[in-house]
Amino acid sequence: MTISIAHLGPAGTYGEMAAMAFSNKLSQVGQQSFLCPYPSITQTLWAVSQGQVNLAVVPVENSIEGSVTITLDTLWQLDILEIQTALVLPISHGLISLASIFEEVKTVYSHPQALAQCQGWLEKFVPQVQQIPANSTTEALEYLERDRSAAAIASQRAAELYKLPVLAYPINDYPDNCTRFWVLK
């Protein structure tokens, strides 16, 4: 049987990276799996609770910003889910933009956790920006093609996948930034 693994999408999110890491562990023991991106953490968890997928990989806490409240709030509603294992993933954010210099950047989009993890850097290097939350770090990249004064905080992998330039890396306030993910069934 091939195992389906839900995660916060689209491709390039840290959730996808955690799901890929778990999928690699499965393949080492001969188990096949495939990834299923969902547009929100809530939808990811509901997908496993409703049997649309076998497992879900979701962020639960960050070493800098603490609990991922949307995950915990949703798990209160879905008390049938069980934790299978935990994964800890190092998190390094980049500022991705079509702007060529910091002064051109007027807005920064990202997941609220990523915005918070880079707060000090943002205040120091781009204090003029308006910070706007998005459902995921990778979803934030959608704004860049429409607006050259926009930037997103996301992974280097996301920048590579979508062929977008990285204006600065790493920009997280603490170099040992990590997020714990739970694999749930």
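Worth saying up front: this structure is predicted, and the values here are computed from it rather than measured. Every chain is numbered on its own, with residues counted from 1 as its sequence reads. Per-residue local features of the predicted model are confined to residues with pLDDT of at least 70, and side-chain atom pairs are confined, for both listing and counting, to 80 or more; whole-chain, interface and lining totals are unaffected and use all residues. To obtain the side-chain values, all non-hydrogen atoms of the structure were included, while hydrogens and water were left out.

J.: I keep staring at the overall build of the protein and nothing clicks. Help me out?
T.: By the criteria applied, helices consist of DSSP H or I runs no shorter than four residues and strands consist of E runs no shorter than two, each listed in order from the N terminus. Within the protein one finds six helices and 11 strands. A principal-axis box enclosing the C-alpha atoms of the protein has dimensions of 50 × 30 × 30 Å. For the protein, with 185 residues in total, the buried portion stands at 49%. Counting contacts in the protein only where the partners sit at least 6 residues apart, residues at least 24 apart contribute 76% of the total. Calculation of accessible area relied on Shrake-Rupley with a 1.4 Å probe; when residues are assessed, cover is drawn exclusively from the protein chains displayed. In the structure as shown, the protein presents an accessible area of about 9000 Å², 52% of it carried by carbon and sulfur atoms. Charged-residue counts in this description rest on Lys and Arg as positive and Asp and Glu as negative, His and the chain ends being excluded. Every charge is mapped onto a representative atom, which is NZ of Lys, CZ of Arg, CG of Asp or CD of Glu. For the protein, the separation between the mean place of its 9 positive charges and that of its 16 negative charges on side chains is 6 Å. To sort residues, take the accessible area from a 1.4 Å probe on protein chains only and compare it with the maximum for the residue type: under 20% means buried, over 50% means exposed, and anything in between is partly exposed. Any two residues whose heavy atoms approach within 4.5 Å at even a single point are treated as in contact.

J.: Sorry if this is basic, but what is going on with the pattern of salt bridges here?
T.: Any Lys or Arg side-chain nitrogen found within 4 Å of a carboxyl oxygen on Asp or Glu counts as a salt bridge. Summed over all chains, the structure comprises two salt bridges. The partner of E16 in a salt bridge is R157, with the nearest N and O atoms 2.3 Å apart. One end of the pair, E16, is in helix 1 (residues 14–28); the other, R157, is in helix 6 (residues 156–161), and 141 residues separate them in sequence. By relative accessible area, which is 25% here, R157 ends up partly exposed. R180 is the salt-bridge partner of E61, the closest N and O atoms lying 2.6 Å from each other. Residue E61 is located in strand 3 (residues 55–62), and its partner R180 is located in strand 11 (residues 178–184); the two are separated by 119 residues in the primary sequence. R180 sits in the partly exposed class, given a relative accessible area of 33%.

J.: I keep staring at the pairing of strand 11 and nothing clicks. Help me out?
T.: When DSSP finds two or more bridges between two strands, those strands count as paired. Examined bridge by bridge, strand 3 and strand 11 share six bridges and lie antiparallel to one another. Residue A56 lies in a different strand from strand 11, and its bridge partner there is L184. In terms of strand pairing, strand 5 (residues 83–90) meets strand 11 through seven bridges, oriented antiparallel. Among the inter-strand pairings, P90 is bridged to a residue of strand 11, identified as C178.

J.: Would you mind going over the packing of aromatic side chains with me for this structure?
T.: Any two aromatic rings considered together are summarised by their centre-to-centre distance and by the angle between their planes. Under the pairing criterion, centres of Phe, Tyr and Trp rings, with the six-membered ring standing for Trp, must be within 6.5 Å; the plane angle then separates stacked pairs below 30 degrees from edge-to-face pairs above 60, leaving the rest tilted. Considering all chains together, one arrives at four aromatic pairs under this definition. An aromatic cluster of three or more residues is present, and its members are F102, W121 and F125.

J.: In this structure, what is going on with helix 3 (residues 69–77)? I would like to understand it.
T.: An α-helix turns once per 3.6 residues; consequently, residues spaced three or four apart project the same way. Residues T71, T74 and L75 constitute the buried set of helix 3. All buried residues of helix 3 fall inside an arc of 105° around its axis, so they share one side. Turned more than 90 degrees away from the buried face of helix 3, the exposed residues are T69, W76 and Q77. Each element contacted by the buried residues of helix 3 is listed here: helix 2 (41–49), strand 3 and strand 11. Think of the arc as the fan of directions from the helix axis to the C-beta atoms.

J.: Explanation requested: the sheet that holds strand 8 (residues 130–133) in the structure shown.
T.: Two modes of strand pairing occur in sheets, parallel and antiparallel, and in both the strands are linked by backbone hydrogen bonds. The strand order across the open sheet built from five strands is 8-7-9-6-10, with neighbouring strands paired in mixed fashion. Strands with a single pairing partner mark the edges of an open sheet, and in this sheet they are strand 8 and strand 10 (166–168). The average angle at which neighbouring strand axes cross in this sheet is 35°, direction not considered. Note that strand 6 (residues 94–97) and strand 9 (residues 150–154) share four bridges and pair antiparallel. Opposite I96, over in strand 9, you have A152 as the bridge partner. Interaxial angles span 0 to 180 degrees and are taken between N-to-C directions of axes, which are lines fitted to C-alpha atoms, for helices over the stretch in contact.

J.: Would you explain the nonpolar core in this entry?
T.: Most often, soluble globular proteins have nonpolar side chains that are buried together. Joining through side-chain atoms within 4.5 Å is the link that ties buried Ala, Val, Leu, Ile, Met, Phe, Trp, Tyr and Cys residues into a set, and such a set is a nonpolar core. Membership of the largest hydrophobic core comes to 16 residues, with the highest contact counts inside it found for Y38, I41, L45, V53 and L81. Listing elements by their share of this core, those giving two or more residues are strand 1 (3–8), strand 2 (33–38), helix 2 and strand 3. When residues of this core are assigned to their parent elements, the largest contribution, four residues, is made by helix 2. If we skip the residues at most four places from it in the chain, V53 touches S4, A6, C36, Y38, A47 and V48. Counting residues in each nonpolar core, the second largest holds 15 residues, with A99, A114, A151 and I153 among its members.

None of this, on its own, says anything about what the molecule does.
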